[in-house]
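Topology and contacts: notes
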Amino acid sequence: RTEPGGMTTTTDSLVQEREAAAGAARGRWLMLIVLLAGQFMALLDVTIVNVAMPTIGRTLHATGAELQLVVAGYTVSYAMTLITGARMGDLFGRRRMFLIGVLVFTVASLACGIAPGIEILIAARFVQGAGAAAMIPQIMSVIQVRFSGAARARALSAYTAVLSSGFVAGQVVGG
């Protein structure tokens, strides 16, 4: 068949274009799965600590104020750096900031898990919140940029499902 401008398109090239488009779509959905896993991890961690408070208090001999800082440290740090995390994604790349956020969050999670005292746990929770703030804004930005139409609606549905299941799972796992 002849395209505008006199170019000829063969059946083979049309098949190759369709296969490339299908591969790109699969890659986009795989990317979404990775992003949503990061979202799930952050949500799980926010809620899991609430249920674990009595155990943390007993094990680390923490006061009520210190336990409040364990919870609030993450939230305050996250809230204070969320907009900065989103802007850094615009400036330095969403993928890079997501990966940096995952790395910081994961290392801080490890520090929380092995914290020998309440002070280390509180500090690690602050760092964990900052890592989440670098990671989480990239997810919604990528959905908005990489998906459109019905695909965006499905991606946002998956995002919403992860939000609700992350909170529920945190309560169950924390117990």
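One can find the structure itself at the top, above this paragraph.
Along each chain, residues carry numbers from 1 onward, in the same order as the chain's sequence is written. Reporting of local features is limited, given that this is a predicted model, to residues whose pLDDT is at least 70; pairs of side-chain atoms are given and counted only at 80 or more, and all residues count toward the totals for whole chains, interfaces and linings. Calculation of side-chain values draws on the structure's entire complement of heavy atoms; hydrogens and water are dropped beforehand.

This brings us to the overall build of the chain. Across its full length, the chain holds five helices and zero strands. Labels follow the DSSP assignment, with helices taken as runs of H or I lasting at least four residues and strands as runs of E lasting at least two, numbered in each case from the N terminus. Helices and strands in the chain line up, N terminus first, as α-α-α-α-α. Classification of the 175 residues of the chain by burial places 33% in the buried group. Two residues qualify as a contact provided that any one of their heavy atoms is within 4.5 Å of a heavy atom in the partner residue. Restricting to contacts in the chain with at least 6 residues of sequence separation, those with at least 24 account for 77%. Any residue under 20% of the maximum accessible area for its type is buried, any over 50% is exposed, and the rest in between are partly exposed; the area is computed with a 1.4 Å probe on protein chains only.

One finds Ala42, Ile139 and Ile143 to be the most contacted residues of the largest nonpolar core, which totals 18 residues. Sorting elements by how many residues they give to this core places helix 4 (residues 118-146) first, with six residues. In terms of nonpolar packing, the next biggest core, distinct from the first, is built from 13 residues, Met53, Leu60, Ala62 and Cys112 among them. Residues belong to a common nonpolar core when they are buried Ala, Val, Leu, Ile, Met, Phe, Trp, Tyr or Cys residues joined through side-chain atoms within 4.5 Å.

Another aspect to go through is the packing of aromatic side chains. Any pair of aromatic rings gets described here by the distance separating the centres and the angle formed by the planes. Pairing of aromatic side chains here covers Phe, Tyr and the six-membered ring of Trp, requires ring centres within 6.5 Å, and sorts the geometry by plane angle: under 30 degrees stacked, over 60 edge-to-face, intermediate tilted. What the rule picks out here adds up to three aromatic pairs. Between Tyr74 and Tyr78 the ring centres are 6.3 Å apart and the planes differ by 15°, which places this aromatic pair in the stacked class. Highlighted residues: Tyr74 and Tyr78, both in helix 2 (residues 64-92), separated by four residues, approximately one helical turn. Judged by its relative accessible area of 22%, Tyr78 is partly exposed. Clustering of aromatic rings is evident, with ring pairs tying together Tyr74, Tyr78 and Phe105.

Quick look at the side chain of Asp45 now. Mapping Asp45 onto the fold places it in helix 1 (residues 11-60). Taking relative accessible area as the criterion, Asp45 reaches 17% and is therefore assigned buried. Of the polar contacts made by the side chain of Asp45, one reaches the side chain of Gln128; its length is 2.8 Å. Between N or O atoms, a polar contact is any pair within 3.5 Å; within protein, one atom must be a potential hydrogen donor and the other a potential acceptor, and residues adjacent in sequence are included only when both atoms are from side chains.

So, about the pattern of salt bridges. Salt bridge, as used here, is a side-chain nitrogen of Lys or Arg placed within 4 Å of a carboxyl oxygen of Asp or Glu. The tally for this structure, following the rule as stated, stands at three salt bridges. Its salt-bridge partner being Asp90, residue Arg87 comes within 3.9 Å of it at the nearest N-O pair. Of this pair, Arg87 and Asp90 both sit in helix 2, three residues apart, which is roughly one turn of the helix. In the salt-bridge network here, residues are joined through shared partners; they are Arg87, Asp90 and Arg94.

Attention shifts here to the packing of helix 2 against helix 3 (residues 94-114). How two helices pack is summed up by the angle between their axes together with the distance between the axes. Contact geometry of helix 2 with helix 3 gives a least axis separation of 8 Å together with a crossing angle of 150°. Considering the angle they form, helix 2 stands roughly antiparallel to helix 3. When helix 2 is examined against helix 3, the residues Tyr74, Met88, Gly89, Asp90 and Phe92 are found in contact with a partner set consisting of Arg94, Arg96, Met97 and Phe105. Each residue is assigned to one class: nonpolar for Ala, Val, Leu, Ile, Met, Phe, Trp, Tyr, Cys and Pro, charged for Asp, Glu, Lys and Arg, and polar for all the others, Gly among them. Residues that form the contact of helix 2 with helix 3 fall into these classes: five nonpolar, one polar and three charged. Angles shown run from 0 to 180 degrees and are taken between the N-to-C directions of axes, each axis being a line fitted to C-alpha atoms and, for helices, limited to the stretch in contact. An angle counts as roughly parallel when it lies under 35 degrees, as roughly antiparallel when it exceeds 145, as roughly perpendicular when it falls between 65 and 115, and as oblique in every other case.

It is worth spelling out helix 3 at this point. In this model, helix 3 (21 residues) spans 30 Å end to end at C-alpha, consistent with the 30 Å of a helix rising 1.5 Å per residue. All of the buried residues in helix 3 are Met97, Phe98, Gly101, Phe105, Ala108 and Cys112. The arc that holds every buried residue of helix 3, seen down its axis, measures 105°, which confines them to one face. Away from its buried face by more than 90 degrees, helix 3 exposes Arg95, Arg96, Leu103, Leu110, Gly113 and Ile114. Given a helix with a known number of residues, its expected span is that number minus one, times 1.5 Å. To be clear, the arc concerns the directions from the helix axis to the C-beta atoms.

Non-glycine residue His61 carries a positive phi angle of around 55°. Structurally, the position occupied by His61 is in the loop between helix 1 and helix 2. We classify His61 as exposed; its relative accessible area is 69%.

The patches reported here contain residues having more than 30% relative accessible area and no salt bridge. Joining distances are 9 Å for like charges and 5 Å for nonpolar side chains (Val, Leu, Ile, Met, Phe, Trp, Tyr). With residues, only the protein chains shown are counted as cover, and all accessible areas are computed by Shrake-Rupley using a 1.4 Å probe. There is a patch of nonpolar side chains on the surface, built from Leu69, Val76, Met80 and Phe126 and spanning about 360 Å² of accessible area. Among the elements that take part in the nonpolar patch, helix 2 stands out by supplying three residues, more than any other. Phe126 gets classed as partly exposed once you look at its relative accessible area, which sits at 31%.

Note that every value here comes from positions in space, so none of it alone points to a role or purpose.
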